[in-house]
Amino acid sequence: MRARLPRRAGSALVALFLWLVPFCAPAAEVTFDTAPLQIIAAGGKVYRFTVELAVDSDQRAQGLMNRRHMPRDRGMLFDFGETRRVMMWMKDTYLPLDMLFIARDGKVEAVRENAVPLSEAIIDSRVPVAFVLELNAGTVSRLGLAPGDIVDSQRISGAKP
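About the thresholds
Residues numbered from 1 in each chain as written. Predicted model: local features only at pLDDT ≥ 70, side-chain atom pairs only at ≥ 80, totals over all residues. Heavy atoms only, no water. Helix = DSSP H or I, 4+ residues; strand = E, 2+ residues; numbered from the N terminus. Buried < 20%, exposed > 50% of the residue type's maximum accessible area, 1.4 Å probe, protein only. Contact = heavy atoms within 4.5 Å. Phe/Tyr/Trp six-rings, centres within 6.5 Å; stacked < 30°, edge-to-face > 60°. Lys NZ or Arg CZ within 6 Å of the ring centre and 35° of its normal. Pairing = 2+ DSSP bridges.

**Student:** Looking at this structure, how should I read the environment of Met 90?
**Tutor:** Relative to the assigned elements, Met 90 resides in the loop between β3 (74–88) and β4 (97–102). For Met 90, a relative accessible area of 1% corresponds to the buried category. Once you skip the residues sitting within four places of it in the chain, Met 90 turns out to touch Leu 95, Pro 96, Leu 97, Met 99, Ala 115, Val 116, Pro 117, Leu 118, Ser 119 and Ile 123.

Pasting the structure below:
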């Protein structure tokens, strides 16, 4: 014999289910457009990358979190839409990263190498910048990148006054 719920209890369960659905549904996945980018190092050597663009608040909040691999010629460019002091962290980021802090004109103002995966320590630009480029850890050392190098892309060129 099957037990029956009173009609009101069944309606209450359906209402509870419908109310909980939005909370149980997976969050909308953040997607990123990609674009070519080049770094012109001292001596004129040019290094080319394809970068994902983090340009809105959801994209910047997501960044490279939860990724386990990034190809050697890839990266992520964060565009803050303004020039300001920037603070980053590695929470939920499994990839060790190098970060280039870039002025509106494309000049690399500061470099932070080998950011520790999953760390909540603040990585501070220390100076006002408009962009941050994240690359696989070791890229800065391997290519000899340094403050004063120039980063150029359609997004950065378009940001110049």
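So, next bit.
**Student:** Hey, could you run me through the packing of aromatic side chains in this one?
**Tutor:** Within a pair of aromatic rings, the relevant descriptors are the distance that separates the centres and the angle that separates the planes. What the rule picks out here adds up to 1 aromatic pair. Seen from their ring centres, Phe 78 and Phe 80 are 6.4 Å apart, and the 15 degrees between their planes marks the pair as stacked. Grouping residues by exposure puts Phe 78 and Phe 80 together as buried. Between Arg 68 and the ring centre of Tyr 94, over which it is positioned, the NZ or CZ distance is 3.6 Å.

**Student:** Would you explain the pairing of strand β1 (residues 34–40) in this entry?
**Tutor:** Looking at chain direction, β1 and strand β2 (residues 46–54) are connected through 7 bridges and run antiparallel. For Thr 34, the partnering residue across the bridge sits in β2 and is Glu 52. Two successive antiparallel strands, β1 and β2, enclose a turn made up of 5 residues, where Gly 43 displays a positive phi of approximately 85 degrees. By the bridge criterion, 4 bridges tie β1 to strand β7 (residues 150–153) in an arrangement that is antiparallel. Paired with Leu 37 across the bridge in β7 is Ser 153.

**Student:** Sorry, what's going on with unusual backbone geometry here?
**Tutor:** One can expect most non-glycine residues to show negative phi and most peptide bonds to be in trans. Even without being glycine, Asn 66 reaches a positive phi, approximately 70 degrees. For Asn 66, the location among the structural elements is in the loop between α2 (57–62) and β3. On the basis of relative accessible area, Asn 66 is assigned to the partly exposed category, the value being 47%. Positive phi outside glycine occurs at Asp 92, with the angle close to 60 degrees. Among the secondary structure elements, Asp 92 is positioned in the loop between β3 and β4.

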